[in-house]
Amino acid sequence: MDSENINNETEIDNQADVMRIMISTDNHLGYGEKDAIRGEDSFIAFEEMLELAVREDVDFILLGGDLFHDAVPTQNALHKCMKLLRMYTFGDRPISVEFLSDGSQNFHNSVNESVNYEDPNLNISIPVYSIHGNHDDPSVFGGLSTLDLLSTTGLVNYFGRWTDLNKIDISPIILKKGATKLALYGLSHIHDNRLARLFESRKVHMQVPEGEEGEWFHLMVLHQNRADRGPKNYLPEESLPDFLHLVIWGHEHDCRIEPELNAKRDFYVSQPGSTVPTSLSEGEAIRKHVAVLEIYKDKFKMKPIPLQTVRPFVFESVNVADLAQELRLDEGDVSNKVRAMAEERVEAMLEKSKSLLTGHPRQPTVPNVRLRICFNDEEQMFNGIRLGQTFNDRVANPADMIHFKKMIKKEKKERSNLDREEMKNQHKKLEGESFTRVEDLVERYFNEVDESKSLKVISTKALTELCNQLVDRKDNNAADNLIRSYKAKAVDYLMEKMPLEDQLDTELQDFKLSITSDDVLHMLKTVAPNPITKTSSSSVARNATTANYQEVSDNDSDEAPLKNTRSTKNTKEDVSTARGRGRATRGRAARGGAATTTPSKNATRTGATANSGRSKAVEVSPSTRSSPRQQSLISMGINSRKAATKQKVYEISDDSD
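Residues numbered from 1 in each chain as written. Predicted model: local features only at pLDDT ≥ 70, side-chain atom pairs only at ≥ 80, totals over all residues. Heavy atoms only, no water.

The chain carries the name Double-strand break repair protein in an unreviewed UniProt entry, which gives Musca domestica as its organism. On record in UniProt, under Sequence similarities (unreviewed entry), the comment for the chain is "Belongs to the MRE11/RAD32 family." According to the UniProt record, the Cofactor (unreviewed entry) comment for the chain reads "Mn(2+)". (UniProt positions renumbered as here; feature names shortened; annotations may be inferred.)

Printed below as a string of structure tokens:
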């Protein structure tokens, strides 16, 4: 398909045939509206876009979703939006674009089931067409979007909404201006995973108006992930039909408004980006634009217009490891040195922000500043909020001015045995077959993968069942339950077998094969065990025989017990010593005297019942010597249980909205 842009050599018979459209997406009205400094930013930028639409004398405005930041905006945000639309889109200016399609098929919740400027009770000068995004989708009670309210009041022509997500049939809005005929296709936000499956199963249909080739200009606006964020978590451009001329892509906030050619499909894609930064990411620091799209027959021209009222935003990222020698981090107070470096960088960024001032009377002058510090060691961190407060009057976002990002060590990636190419190959195989389940892909991969990359402890059937629980049953605790239970079972198995070091792999393989499907289901349903505490080390040292670890309430220590290497049964006296809610063992044993117990059949049954679904009471005899191999297994038990309750969480930034 030949989609050439309008240039100076293009012969235009009559300027009245050129359709002019204001393009804008992701306005996020109401973002940060309770912030004393940034509360008006989204409304100021939106008003500038409306002013430009009037100044450029456009035929209509096309919005690409996320008009509001919240699905249920505040009354303040809704009132300001309605006020601005009334101010700039109502009037006596004649509209030269003809509406030729059936409004009952195009517009949702329109009172007269037609475009708003054909309503005799309204006086529209610039029509506004909009789809909804993921922020203002109809997910509230009654299945209504805020755009439904604007449609009912006649302020916006709301289109591209779908209620039947089993099949999508897109009927275009047909517009005509002189010799130019436009077919406008709208696709409001649908979950990327669901939409990808609909495209793959050929359940998305787009109606094309009849006519000769080149008679119609096909324009589409949608609101989906464009960047590849994982399988079926974005919409590939190649999924769209090749008869399109131009696609307006909402949702992505970084501005790439200049049309980019998709060579495979021979259409162009324009990504306007947001008009207000919401995530303070690197992509948001690109200058914000709107654009005027000019269409003449089957040709178009995009005229980007930089916004003058957007608050200056400077983003910078620094890796502490690259400055280790310069800052001499091998000596002295590392934290203070990194803090001093950060303060110096912020000063330079503030100086840079002055170049972003446009001189517009409504542009905020206090800039947004985001310094991302990539670190390897926690000693390189400092209190970023406290540093931000020193710039309280000079920065619009002092509380989140500094952002720390933990760098993942490359060694960990190198140790990964996951064969990504093999996983992709298995995924391609499944695409040509009837399998559509995630667990099928996982099971086939681990069954056919090289032995060096196979699972060592967790069985394939356990992993496939885990996928089923996560995907189909939405059980967010399944992975935690499975891994926790597997760790405990593996340690118990090894401590019972006491294998030599060269026999570890064999024993782990036997353990892996011994797990049945019933065991896996039980692990997935297992709740986290109550925390366990132990008697003090000084009390253990004073005892001549045995110190007992007992169960206590959730408010006590989170350390888990060790398993006795000699006995796996609990006695009646063991249970009795648990009284006292975690206090040290009473009686002579607590004061250093010897305590002896005699197990009985009843005690054995009682102990077995008490330990089902709970951690076991354990005896550790300080007088019994154990081999180095035994000590390593005991240490393994401690570390595996501590890791389940004491995990360090690092924030991973996500530049997507």
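From this point, the narrative continues.
## So, the overall build of the chain
Along the backbone of the chain there are 19 helices and 21 strands. In the chain, the share of contacts with a sequence separation of at least 24, taken over all contacts with a separation of at least 6, comes to 74%. Taken as a whole, the chain presents about 34,400 Å² of accessible surface, with 47% of it coming from carbon and sulfur. (Helix = DSSP H or I, 4+ residues; strand = E, 2+ residues; numbered from the N terminus. Contact = heavy atoms within 4.5 Å. Areas by Shrake-Rupley, 256 points an atom, 1.4 Å probe, with all protein chains shown as cover.)

## Things to note about the packing of helix 13 (residues 478–497) against helix 14 (residues 504–514)
At a minimum axis separation of 11 Å, helix 13 and helix 14 run at an interaxial angle of 125°. As far as their axial angle goes, helix 14 and helix 13 are oblique. Of the two possible hands of crossing, helix 13 and helix 14 adopt the one that is right-handed. Across from Tyr486, Lys489, Ala490, Tyr493, Leu494 and Lys497 in helix 13, the residues of helix 14 making contact are Leu504, Glu507, Leu508, Asp510 and Phe511. Of the residues contributing to the contact of helix 13 with helix 14, the split by class is seven nonpolar, no polar and four charged. (Axes fitted to C-alpha atoms, helices over the stretch in contact; angles between N-to-C directions. Parallel < 35°, antiparallel > 145°, perpendicular 65-115°, else oblique. Left-handed = near helix turned anticlockwise from the far one by under 90°. Nonpolar A, V, L, I, M, F, W, Y, C, P; charged D, E, K, R; others polar.)

## Comments concerning the nonpolar core
Ranked by internal contacts, the top residues of the largest apolar core, which has 63 residues, are Ile21, Leu62, Tyr129, Leu150, Leu175 and Leu219. If sequence neighbours within four positions are ignored, Ile21 has contacts with Val58, Phe60, Leu62, Leu182, Leu219, Ala291, Val292, Leu293 and Ile295. Core analysis: the second largest hydrophobic core is formed by 24 residues, Leu350, Leu371, Phe382 and Phe391 among them. (Core = buried A, V, L, I, M, F, W, Y, C linked by side-chain atoms within 4.5 Å. Buried < 20%, exposed > 50% of the residue type's maximum accessible area, 1.4 Å probe, protein only.)

## Describing empty space enclosed by the protein
What the rule picks out here adds up to four cavities of 30 Å³ or more. If you trace the largest cavity, you find 13 residues lining it, with Asp41, Val276, Pro277, Arg311 and Asn368 closest to the centre. Residues that form the lining of the largest cavity fall into these classes: seven nonpolar, three polar and three charged. (1 Å grid on protein atoms, 1.4 Å probe; cavity = no way out; pocket = protein on both sides within 12 Å on 5 of 7 lines; lining within 4 Å. Points joined across faces, edges and corners; volume = space filled by probe spheres on them.)

## Topic: the sheet that holds strand 16 (residues 313–319)
In sheet architecture, strand pairing relies on hydrogen bonds along the backbone and comes in two forms, parallel and antiparallel. Read across the sheet, three strands follow the order 16-17-18 without closing on themselves; strand pairing throughout is parallel. Across the chains shown, the open sheet's two edge strands, defined by having one partner strand only, are strand 16 and strand 18 (402–406). Sheet twist, expressed as the mean angle between neighbouring strand axes with direction ignored, is 20°. For strand 16 and strand 17 (residues 368–375), the ladder comprises seven bridges, and the chain directions are parallel. In the sheet register, Glu316 faces strand 17, and the bridge partner there is Leu371. (Pairing = 2+ DSSP bridges.)

## Quick look at the UniProt feature "active site" (unreviewed entry) in the chain
Following the UniProt record, one finds the feature "active site" (unreviewed entry) at His135. Along the chain, His135 falls in the loop between strand 4 (128–130) and helix 4 (146–152). Look at His135 and you get buried, because its relative accessible area is 17%. Separated by 2.7 Å, the side chain of His135 and the backbone oxygen of His69 make a polar contact. (Polar contact = N/O pair within 3.5 Å; in protein donor to acceptor, adjacent residues only side chain to side chain.)

## As for the pairing of strand 11 (residues 246–250)
Regular strands place their side chains on alternate faces of the sheet. For strand 11, the tally of buried residues reaches five of five residues, placing the bulk of the element in the interior. Alternating positions in strand 11 separate into two faces, Leu246, Ile248 and Gly250 on one and Val247 and Trp249 on the other, with burial throughout. In this sheet, strand 11 lies alongside strand 10 (residues 216–223) in parallel orientation, the contact comprising five bridges. Looking at the pairing, Val221 lines up with Ile248 of strand 11.

## Here's the deal with the pairing of strand 8 (residues 180–187)
Most of strand 8 is tucked away: seven of the eight residues are buried. In this structure, strand 7 (residues 173–177) lies alongside strand 8, joined through five bridges in antiparallel fashion. Paired with Ile174 across the strands is Ala183, a residue of strand 8. Linking two consecutive strands that pair antiparallel, namely strand 7 and strand 8, is a turn of two residues; a positive phi of about 65° is found at Gly178 within it. Summarising the sheet, strand 8 and strand 10 pair through seven bridges and their orientation is parallel.

## Thoughts on the sheet that holds strand 14 (residues 289–296)
In space, the six strands of this open sheet follow the order 5-4-2-1-14-15, with mixed pairing throughout. The open sheet has two free edges, formed respectively by strand 5 (157–158) and strand 15 (299–306), since each of these has just one partner strand. As defined by bridge partners, strand 1 (residues 19–24) adjoins strand 2 (residues 60–63) across four bridges and the pair is classed as parallel. Along strand 2, the bridge assignment pairs Ile23 with Leu62.

## Structural notes on the side chain of Ser188
Checked against the element boundaries, Ser188 lands in the loop between strand 8 and helix 5 (192–200). According to the relative accessible area criterion, Ser188 is buried, its value standing at 1%. Beyond its immediate stretch of four places on either side in the chain, Ser188 contacts Ile131, His132, Tyr158, Phe159, Gly160, Arg161, Trp162 and Gln224.

## Brief notes about the environment of Gly91
Along the chain, Gly91 turns up in the loop between helix 2 (75–89) and strand 3 (98–99). Taking the C-alpha atoms as reference, Gly91 lies 4.9 Å from Ser125; in sequence the two are 34 residues apart. Leaving out residues up to four positions away in the same chain, Gly91 has contacts with Asn123, Ile124 and Ser125.

## Some remarks on helix 2
Helical periodicity: at 3.6 residues per turn, an α-helix aligns residues three or four positions apart in one direction. Taking 1.5 Å of rise per residue, the 15 residues of helix 2 would be expected to cover 21 Å, and the 21 Å separating its terminal C-alpha atoms lies within 8% of that figure. Where helix 2 is buried, its residues meet helix 1 (41–55), strand 2, strand 4 and helix 4. (Expected span 1.5 Å × (residues − 1).)

## Focus: helix 13
The first and last C-alpha atoms of helix 13 sit 28 Å apart over 20 residues, in line with the 28 Å expected at 1.5 Å per residue. Within helix 13, burial applies to Ala478, Asn481, Leu482, Ser485, Tyr486, Ala490, Val491, Tyr493, Leu494 and Met495. Positive backbone phi, approximately 50°, marks Met498, located one or two places after helix 13.

## A word on unusual backbone geometry
Of all residues except glycine, most have a negative phi; of all peptide bonds, most are trans. For Asp57, which is not glycine, the phi dihedral falls at a positive 55°. Within the fold, Asp57 resides in the loop between helix 1 and strand 2. In this model, Arg202 sits at a positive phi of 60°, which is unusual for a non-glycine residue. Inspection of the secondary structure puts Arg202 in the loop between helix 5 and strand 9 (204–206).

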